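Read off the chains here:
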Amino acid sequence: MEQHVTPCEDAPPPLMYRVERPVFDEAYLHTQLLHPRERSPKTIRQRLAQAKAIALSFLPILTWLPSYPVKEYLFGDLVSGLSTGVMQLPQGLAYAMLAAVPPVYGLYSSFYPVLLYTFFGTSRHISIGTFAVISLMIGGVVVREAPDSMFTIQALNGTSTNTTVFIDTEARDARRVHVAVVLTTLVGVIQLVLGLLRFGFVAIYLTEPLVRGFTTAAAVHVFISQLKYLLGIQTPRFSGPLSALNSVTAVFSDITSTNVTTLIVGVVCMVVLYCVKDLNERFKKKLPVPIPGEIIVVMVSTGISYGLSLSENYQVDVVRTIPSGLLPPAIPDFSLLPNLVTDSIAIAVVGFSMGISLAKIFALKHGYSVDGNQELIALGLCNFVSSFFHTFAITCSMSRSLVQESTGGNTQIAGLLASMVVLLVVVAIGFVFQPLPQTALAAIIMVNLLGMFKQFRDIPALWRTSKIELAIWLVAFVASVLLGLDLGLLVALGFAILSVIYRTQRPVILPLFQAAECTGIKIFHSNSSIYFANSDLYLNALKEKVISAAVCVSDVELGVTHEVVAGGGSQNHLEVQGNGQVAETHTESDSEETRFLEPLCPVHTLILDWTPVNFIDSVGAKAIKLVRDLISTRRALGSVQKCNITEQICLSVM
């Protein structure tokens, strides 16, 4: 017995969605969307809020100082500031030698900029002040603009006609200070302008292999420059291309005049410093505060020099005069500006890149953010304002920053306390360091370069990971050693840009293997954009891969072997001309396109995976269009009736 089930007459109708929206035409888009409506004028409260936001961004100290947790942070900042300040004293004196100015100016450069950065900087852990690489770059410019030959004086030896040539060191040092101050002023202006124009992103063009290769070369320059102080010999200071080789040649040609006492003092200081640093590294988890090796070496060597009168009895070069107190502000001699523009740009960029890279490392570690544009403004103000108080250009120091962070520093208060330590020495006890041997300062500089020399370990690592980045590292290193730091940096930047062009101009086009490959479908992946510089390479690689895929599929599916040979007949030929221009010509022999559509396999769909493609210019689009037109022409002529290769091209841009 059959039962017929009829639908219930009372069942509700199925639910349905109905969506209505207006149709937008071009006129509506232009009038309503592309041109925003006039906004109502801002109220006084809104303007005050905007002014407050601008003030807080320009003076970051206002954002964290009112809520500074005294009980939690003050002790750590106090210990960190004292430790960093004690380390900053000998480094300021030593790096002034690299900048070719009297040592006291290194103390000035360790006070004023650090004080200013407390108010304008966004990093809580970097230590602003003198740095070996920047000091050496300044020294090269200073020596070039005020060489010793400008200040030679000839004096008669009694009543005889023999003359003695000596250098007016007082006039020379004064001139060199003027050059360093003007250079610092210009560096500050450049950094300040770039910061106000929001150019903080420029640091991304200084790739890490470039910076590490450059700083390693700078370490070589610094080490070579300190050899004469370690040996106690007098050699001229060179600048420009091949300056490193000239300096080494000058040192070894005069090595027989080495002052043995100076060498012994310097080597002993180096051994002591190395042992202290090794102890700090091994027991850093157990030591509440790192052992201040630099200040120990300075104090002990100063005491020995004073007690034994090393300067008078053994002709050991010492620091000599360190004036007490701060100098009054003065306006730099801006007549020197035209000769310093190129050098100031290089110093400004290198100084900022050093600072922002280290600031980002500490910010990521401790969970806060730094503003690249504000860091440019902060460094610019530190250099510009401080230059009126007789300082030379500064940036952050890697060694001091690590000490400031590892000893418990939490905010910029640690840097402020470190600057107060330097101020105390400048105002009250600077005269104590007058007997300090220069070879001890050279030892401090050389031992502090160990961290930079460890960057040679990058070479085997880059060899395994990226040959192009290894080439950038080596070019930056070799060019900076041979040509000098300024020209070397320029060459390294040019090579890095060329490497980017090379990577985008030579795309990697590979067939993607599908988990379950569909018969007749081939997917090809390109890792770069398609534009005039690589459109011909893209087409050639695409045709080559398609032919290979065709032969492969044919052999597997048909079980036969095909051999592509040249034959007669007039065929259309896709010719990619120079500078990305594409044209279609005729040849009398089989072209690549003949083989491109040779009836070998049943591939009917070619999918171009353009997922990484950021843009396609008109030349690249024209090249792809010609491939499509060529396929359409073949289909119309009947060639595709014999073979279904590439009946359609699909683009994957997901």
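From a predicted model like this one, the values you see are computed outputs, not experimental measurements. (Residues numbered from 1 in each chain as written. Predicted model: local features only at pLDDT ≥ 70, side-chain atom pairs only at ≥ 80, totals over all residues. Heavy atoms only, no water.)

A. Structural view of the packing of helix α7 (residues 132-145) against helix α9 (residues 208-225). Between α7 and α9, the shortest axis-to-axis distance is 9 Å and the interhelical angle comes to 65°. In this structure, α7 crosses over α9, and the sense of that crossing is left-handed. Residue-level contacts link Ala132, Val133, Leu136 and Met137 of α7 to Phe214, Ala218, His221, Val222 and Ser225 of α9. Of the residues contributing to the contact of α7 with α9, the split by class is seven nonpolar, two polar and no charged. (Axes fitted to C-alpha atoms, helices over the stretch in contact; angles between N-to-C directions. Helix = DSSP H or I, 4+ residues; strand = E, 2+ residues; numbered from the N terminus. Left-handed = near helix turned anticlockwise from the far one by under 90°. Contact = heavy atoms within 4.5 Å. Nonpolar A, V, L, I, M, F, W, Y, C, P; charged D, E, K, R; others polar.)

B. A look at empty space enclosed by the protein. Inspection of every chain in the model, using the stated rule, returns three cavities of 30 Å³ or more. Lining the largest cavity are 15 residues, and of these Val114, Tyr117, Ile126, Gln404 and Gly415 lie nearest its centre. Mapped by element, the contributors of at least two residues to the lining of the largest cavity are α4 (70-98), α6 (112-120), β1 (127-129) and α18 (413-429). At three residues, α6 tops the list of elements feeding residues into the lining of the largest cavity. Here the lining of the largest cavity is composed, by residue class, of five nonpolar, nine polar and one charged. (1 Å grid on protein atoms, 1.4 Å probe; cavity = no way out; pocket = protein on both sides within 12 Å on 5 of 7 lines; lining within 4 Å. Points joined across faces, edges and corners; volume = space filled by probe spheres on them.)

C. Inspection of the pattern of salt bridges at higher detail. Using the criterion set out here, one finds 10 salt bridges in the structure. One salt bridge in this structure joins Arg144 and Asp343, with 2.8 Å as the shortest N-O distance. Note that Arg144 is positioned in helix α7 and Asp343 in helix α15 (residues 341-366), a separation of 199 residues in sequence. Overall, the relative accessible area of 35% leaves Arg144 in the partly exposed class. (Salt bridge = Lys/Arg side-chain N within 4 Å of Asp/Glu carboxyl O. Buried < 20%, exposed > 50% of the residue type's maximum accessible area, 1.4 Å probe, protein only.)

D. Representation of unusual backbone geometry within the structure. For Arg198, which is not glycine, the phi dihedral falls at a positive 65°. Inspection of the secondary structure assignment puts Arg198 in the loop between α8 (169-196) and α9. With relative accessibility at 47%, the residue Arg198 sits in the partly exposed group. Residues other than glycine seldom take positive phi values, yet Ser309 does so here, at roughly 50°. Along the polypeptide, Ser309 turns up in the loop between α13 (293-308) and α14 (310-314).

E. Broad picture of the packing of helix α21 (residues 458-465) against helix α22 (residues 467-483). Between α21 and α22, whose axes approach to 6 Å, the crossing angle comes to 150°. With respect to α22, the axis of α21 lies roughly antiparallel. Contacts between α21 and α22 involve Asp458, Ile459, Leu462, Trp463 and Thr465 from the former and Lys467, Glu469, Leu470, Trp473 and Leu474 from the latter. (Parallel < 35°, antiparallel > 145°, perpendicular 65-115°, else oblique.)

F. View of the packing of aromatic side chains. All chains considered together, the criterion is met by 12 aromatic pairs. Taking the centre distance of 5.5 Å and the plane angle of 90° together, the rings of Tyr105 and Tyr108 count as edge-to-face. With Tyr105 and Tyr108 both in helix α5 (residues 104-108), this residue pair falls three residues apart, about one helical turn. Within the aromatic cluster, the residues linked to one another by ring pairs are Phe223, Phe453, Phe456, Trp473 and Phe477. Sitting above the plane of the Tyr368 ring, Arg124 keeps its charged end 4.4 Å from the centroid. The ring of Trp463 has Lys467 lying over it, and the distance from NZ or CZ to the ring centre is 4.6 Å. (Phe/Tyr/Trp six-rings, centres within 6.5 Å; stacked < 30°, edge-to-face > 60°. Lys NZ or Arg CZ within 6 Å of the ring centre and 35° of its normal.)

G. Here's a closer look at the nonpolar core. In this structure, Val133, Met137 and Ile138 are the most contacted members of the largest nonpolar core, which totals 81 residues. Setting aside its immediate chain neighbours within four residues, Ile138 contacts Ala99, Ala180, Leu183, Ile347, Phe392 and Ala393. Within the second largest apolar cluster, 22 residues are counted, among which are Ile126, Phe362, Ile377 and Ala378. (Core = buried A, V, L, I, M, F, W, Y, C linked by side-chain atoms within 4.5 Å.)

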